[in-house]
Amino acid sequence: MEQENNSLTVSFCVIARNEEQTLPALFADLLAQTYSHSLMEVLLVDSASTDGTKACMEAFAREHAGEFSGIQVLDNPGRTLPCGWNVALRVFSGDVILRVDAHANIPPEFVEKNVRCLESGEAVAGGQRPCVLSDPTPWRKTLLLAENSLFGSSIAPFRRDVGKMYAKSVFHGAYRREVFETIGGYNEELGRTEDNEIHYRIRKAGYRLCFDPSIISYQHVRSSLRKMVKQKYGNGKWVGLTLGVCPGCLSLYHFVPFAFVVGILLTTVLACFGIWQLAALMWGLYALLAIAMTVACVRDENWNATSVALPFLFLLLHVSYGVGTVVGLVRLPFWKKRHHNGVSPSIGEVRAAINGKKAAGERG
């Protein structure tokens, strides 16, 4: 049943590229939201998909046009996520814009809890985002353990319940309109680190990002080791590139895999010259830590025969991320030549578009 007497209007935004398999489930979650649908507009942005993603969006818009204050299907010729978010930012009309990934699931009270947090005085809200499986198999359950582990992935608070707090970043965030009126849009020069950069600018502008553990959404984990390794490599590469654009938006933990890869290279060189003790110490400590983290990850209900691969999965994920960072740092000088001095023109363009719509509304 929808809640009454809500006040904030919400622009629910989804960017998708080749996500025809996951969108129906997300759309079902959207229809089940307890927040008044009359106060929600839906913005669906297709990033030049080559499958049936846009057709899926258009079908949803036709079938449910009367259930929300409006549904728009928009095109993102830039294809990347920051370009897609800027497409939505240029047209959204709500008091709040709520970002949700195409391969996510949200509980019925997801929008309502975000709005409740913002109505308590916050400018940005977000919550827990554990990973889940689409089609569970023993091997995919092991991949999920690696992804949800602090050792295998990251220490970001959105991966677990750390209590209500102010964080450096949030996932599937809800933002008051004034935030983007102030800071503008996303830096379209960036790839996977666009969230780090924009959240850094949000904090620098004086806003706080509220992590509320009662807000929960779910992200589907990569379904194969190849896809997971590719993701980690890409994340690492963009960390290396972002160092030349916005070093302040990165934390030391982003460079731990890089330091590990450098350690592997240095101790291997030293071992070739007969100084093997440092290599033995490093690998011995890493093996102990990987085994300890494996034991911490595995519970009786999660254990299966493939779980013994967890220490090796940790190693592969760490090396993939670290090698990606090395590649990003090597490419950085060449990449910066094509970069607009660390500032994407789209940032100011989006700010102007948002404030222009605000001014037009006030005149109207």
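Our subject is the structure that appears above.
Keep in mind it's a predicted model, so treat the numbers as computed, not measured.

(A) How the structure looks around the overall build of the protein chain. Across its full length, the protein chain carries 12 helices and 11 strands. Its C-alpha radius of gyration of 22 Å places the protein chain within 12% of the 21 Å reference for a compact globule of 364 residues. Principal axes of the C-alpha set define a box for the protein chain whose edges measure 80 × 50 × 40 Å. Within the protein chain, buried positions represent 52% of all 364 residues. Surface accessibility of the protein chain: about 16,700 Å² in total, with carbon and sulfur atoms responsible for 60%. For the protein chain, the distance from the average position of its 37 positive side-chain charges to the average position of its 33 negative side-chain charges is 10 Å.

(B) Inspection of helix H1 (residues 23-31) at higher detail. Every buried residue of H1 is accounted for by Leu23, Leu26, Phe27, Asp29 and Leu30. Axial view of H1: buried residues confined to an arc of 155 degrees, hence all on one face. Along its buried surface, H1 packs onto strand S1 (10-16), strand S2 (40-46), helix H2 (53-63) and strand S5 (104-105).

(C) Seen up close, unusual backbone geometry. Positive phi, close to 75 degrees, is recorded for Arg79, a residue that is not glycine. By the secondary structure assignment, Arg79 is in the loop between strand S3 (70-75) and helix H3 (81-91). Even without being glycine, His172 reaches a positive phi, approximately 50 degrees. Here His172 lies in the loop between strand S8 (165-167) and strand S9 (174-176).

(D) Summary view of the sheet that holds S3. An order of S3-S2-S1-S4-S9-S6-S10-S8 is seen for the 8 strands of this open sheet, with the pairing classed as mixed. Two strands bound the open sheet, and with one partner strand each, they are S3 and S8. Going across the sheet, the axis of each strand differs from the next one's by a mean of 30 degrees, ignoring polarity. Direction of pairing for strand S6 (residues 124-128) relative to S9: antiparallel, over a ladder of 2 bridges. Paired with Ala125 across the strands is Ala174, a residue of S9. Running at roughly 175 degrees to S1, H1 makes contact with S1 and S2 of the sheet. Sitting on the sheet, helix H7 (residues 194-204) is in contact with strand S4 (96-99), S6, S8, S9 and strand S10 (209-216), with an inclination near 125 degrees to S10.

(E) Looking closely at the packing of helix H9 (residues 256-272) against helix H10 (residues 277-297). Where H9 contacts H10, the axes come no closer than 8 Å and their chain directions differ by 145 degrees. When H9 is examined against H10, the residues Phe260, Gly263, Ile264, Thr267 and Leu270 are found in contact with a partner set consisting of Leu278, Ala279, Met282, Trp283 and Tyr286. For the contact of H9 with H10, the residue count by class is 8 nonpolar, 2 polar and no charged.

(F) Region of interest: the side chain of Ser47. Relative to the helices and strands, Ser47 is located in the loop between S2 and H2. Under the relative-accessibility criterion, Ser47 is labelled buried at 2%. Aside from chain neighbours lying at most four places away, what touches Ser47 is Ile15, Ala16, Arg17, Asn76 and Arg79.

(G) Local environment of helix H8 (residues 225-242). The end-to-end C-alpha separation of H8 is 26 Å, in line with the 26 Å expected for 18 residues at 1.5 Å each. Counted residue by residue, H8 has 13 buried out of 18 residues, so it is predominantly covered.

(H) Looking closely at the side chain of Gln219. As for its placement among the helices and strands, Gln219 is situated in strand S11 (residues 218-220). With sequence-adjacent residues up to four places away left out, Gln219 is seen in contact with Asp101, His103, Ala104, Arg129, Pro130, Cys131, Val132, Phe171 and His172.

The rules we used
Residues numbered from 1 in each chain as written. Predicted model: local features only at pLDDT ≥ 70, side-chain atom pairs only at ≥ 80, totals over all residues. Heavy atoms only, no water. Helix = DSSP H or I, 4+ residues; strand = E, 2+ residues; numbered from the N terminus. Rg over C-alpha atoms; globule rule 2.2 N^0.38 Å. Buried < 20%, exposed > 50% of the residue type's maximum accessible area, 1.4 Å probe, protein only. Areas by Shrake-Rupley, 256 points an atom, 1.4 Å probe, with all protein chains shown as cover. Lys, Arg positive; Asp, Glu negative; His and termini not counted. Charge placed at Lys NZ, Arg CZ, Asp CG, Glu CD. Arc of directions from axis to C-beta. Contact = heavy atoms within 4.5 Å. Pairing = 2+ DSSP bridges. Axes fitted to C-alpha atoms, helices over the stretch in contact; angles between N-to-C directions. Nonpolar A, V, L, I, M, F, W, Y, C, P; charged D, E, K, R; others polar. Expected span 1.5 Å × (residues − 1).

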